[in-house]
Amino acid sequence: MAPSHPSPGKPTSPPEHDHIRPWHSPRRPPRLASFSNAASLQQQQQLPVYNTMHGTHNYDGEHNGHHGYQQQQHLRHPQGRRADRSGFLRWTMAVVFTVLAILVLLGALAVLLVVLVLQPRAPYLAVMTARLDTLEYDQQGVLDDAQLSLGVVAANVNAHAAVTFSQLELRLSFNDTVIAILRADPFVVPPKGTLPLGYVAPSSAVPLDRAGRAAMEAALKRGVVPFRVNGQARTRFKVGGLVAVKYWTRLACEIRFAWPTGTALNFTCNSKARSRY
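Every value quoted in this text rests on a predicted model; they were computed, and no experiment measured them.

1. Considering the overall build of the chain
When helices and strands are counted, the chain shows three helices and twelve strands. Within the span of the chain, comprising 277 residues, buried residues form 29% of the whole. Looking at the chain alone, contacts between residues at least 24 apart form 64% of all its contacts between residues at least 6 apart. Summed over all atoms, the accessible surface of the chain reaches about 20,100 Å², with 58% contributed by carbon and sulfur.

2. Observations concerning helix α3 (residues 210-222)
Look at α3: 19 Å from first C-alpha to last across 13 residues, which is about the 18 Å you get at 1.5 Å a residue. Every buried residue of α3 is accounted for by G212, M216 and A219. Around the axis of α3, the buried residues are gathered within 65 degrees of arc, so they sit on the same side. Turned more than 90 degrees off the buried face of α3, the exposed positions are R210, K221 and R222. Buried-residue contacts for α3 involve β3 (124-137), β4 (142-155), β5 (163-174) and β9 (224-239).

3. A few points about the side chain of T249
By secondary structure assignment, the location of T249 is in strand β10 (residues 243-258). On the basis of relative accessibility, which here comes to 1%, the residue T249 falls in the buried class. Polar contacts involving the side chain of T249 include one to the side chain of S271, which spans 2.6 Å.

4. Description of unusual backbone geometry
In this model, W259 is joined to P260 through a cis peptide bond whose omega is 20 degrees. Positive phi, close to 55 degrees, is recorded for Q167, a residue that is not glycine. Its place among the elements puts Q167 in strand β5. Q167 gets classed as partly exposed once you look at its relative accessible area, which sits at 46%. Its identity is not glycine, yet K192 carries a phi of approximately 55 degrees, on the positive side.

5. A short note on the packing of aromatic side chains
Under the criterion given, the structure shown has three aromatic pairs. Ring geometry for F165 and F187: centres 5.2 Å apart, planes at 10 degrees, overall stacked. One end of the pair, F165, is in strand β5; the other, F187, is in strand β7 (residues 187-189), and 22 residues separate them in sequence. Here F165 falls in the buried class, since its relative accessible area comes to 0%. Judged by its relative accessible area of 11%, F187 falls in the buried class. Centroid distance F227 to F257: 6.1 Å. Interplanar angle 65 degrees. Geometry classified as edge-to-face. Of this pair, F227 sits in strand β9 while F257 sits in strand β10, and the two are 30 residues apart along the sequence. For F227, a relative accessible area of 1% corresponds to the buried category. The exposure class of F257 is buried, given its relative accessible area of 0%. Connected via pairs of aromatic rings, a cluster forms that spans F174, F227 and F257.

6. Some thoughts on the state of the cysteines
The full count for this structure, using the stated rule, is one disulfide. For C253, the disulfide goes to C269, at an S-S distance of 1.8 Å. On the sign convention where negative means left-handed, the S-S torsion of about -70 degrees between C253 and C269 marks this disulfide as left-handed. With C253 in strand β10 and C269 in the loop between β11 (263-264) and β12 (274-276), this pair connects stretches of sequence that are 16 residues apart.

7. A word on the environment of D145
With respect to the helices and strands, the residue D145 is situated in strand β4. Measuring from C-alpha to C-alpha, the distance between D145 and A205 comes to 6.6 Å, with 60 residues separating the pair along the chain. Ignoring sequence-local partners within four residues, the contact set of D145 consists of T134, L135, E136 and S203.

Cut-offs applied
Residues numbered from 1 in each chain as written. Predicted model: local features only at pLDDT ≥ 70, side-chain atom pairs only at ≥ 80, totals over all residues. Heavy atoms only, no water. Helix = DSSP H or I, 4+ residues; strand = E, 2+ residues; numbered from the N terminus. Buried < 20%, exposed > 50% of the residue type's maximum accessible area, 1.4 Å probe, protein only. Contact = heavy atoms within 4.5 Å. Areas by Shrake-Rupley, 256 points an atom, 1.4 Å probe, with all protein chains shown as cover. Expected span 1.5 Å × (residues − 1). Arc of directions from axis to C-beta. Polar contact = N/O pair within 3.5 Å; in protein donor to acceptor, adjacent residues only side chain to side chain. Phe/Tyr/Trp six-rings, centres within 6.5 Å; stacked < 30°, edge-to-face > 60°. Disulfide = S-S within 2.5 Å.

This is the structure in structure tokens:
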């Protein structure tokens, strides 16, 4: 059945439930965004920008490749220059140290060659003659007078170099009591040469300790009086005119004298056994 439509102009009766009104919540004023929320909204509205290897892109697809390339070149350029500078310094130091090592090696080979060819020998001192001229000893243990004559030779056995002797000192002693000290000024001995040094060593009023008095009394009864000679000298010479060689040449020996004649008995006293410094 077709629905019936109200005729125009004729009042219609209210619906059955027109007397019930729907409930509506009271209107509230809209919330205002806080400052922080406004800032976050503003940030969200901005288009994000992200970097790539070849440039800069923003959200809407724009690309700034030339600007990004300039920034990368600006950042890389100082590092590249520093790397080049450090590499140049490393190579320079390597070359310098290599040259120094080669020079040191060549110098060592030259020294070894000179030593093997020329075969330098150490100079020495030697006591060649000795005599006890005077000996006076009293009963109080005092060596009133003693005089010794020594003939010392400074020898240079090198055929191609002169030797300089300096700081020469000889000490004469009896039973560890020094009775005289002999010295000499610096001098030079030519190649394959010798230089005689004559000493007269007087001493007077030298007191002896108990052991020294006992040793002197026993020596006089035996007729043989021993004296010791200790000394050293500094020597310096050049091998091949290039290599400087320095030695301390030392001697230590005992010379026995027959008394009362004063003649030296057979002895050997030289400084061929040497110590280098």
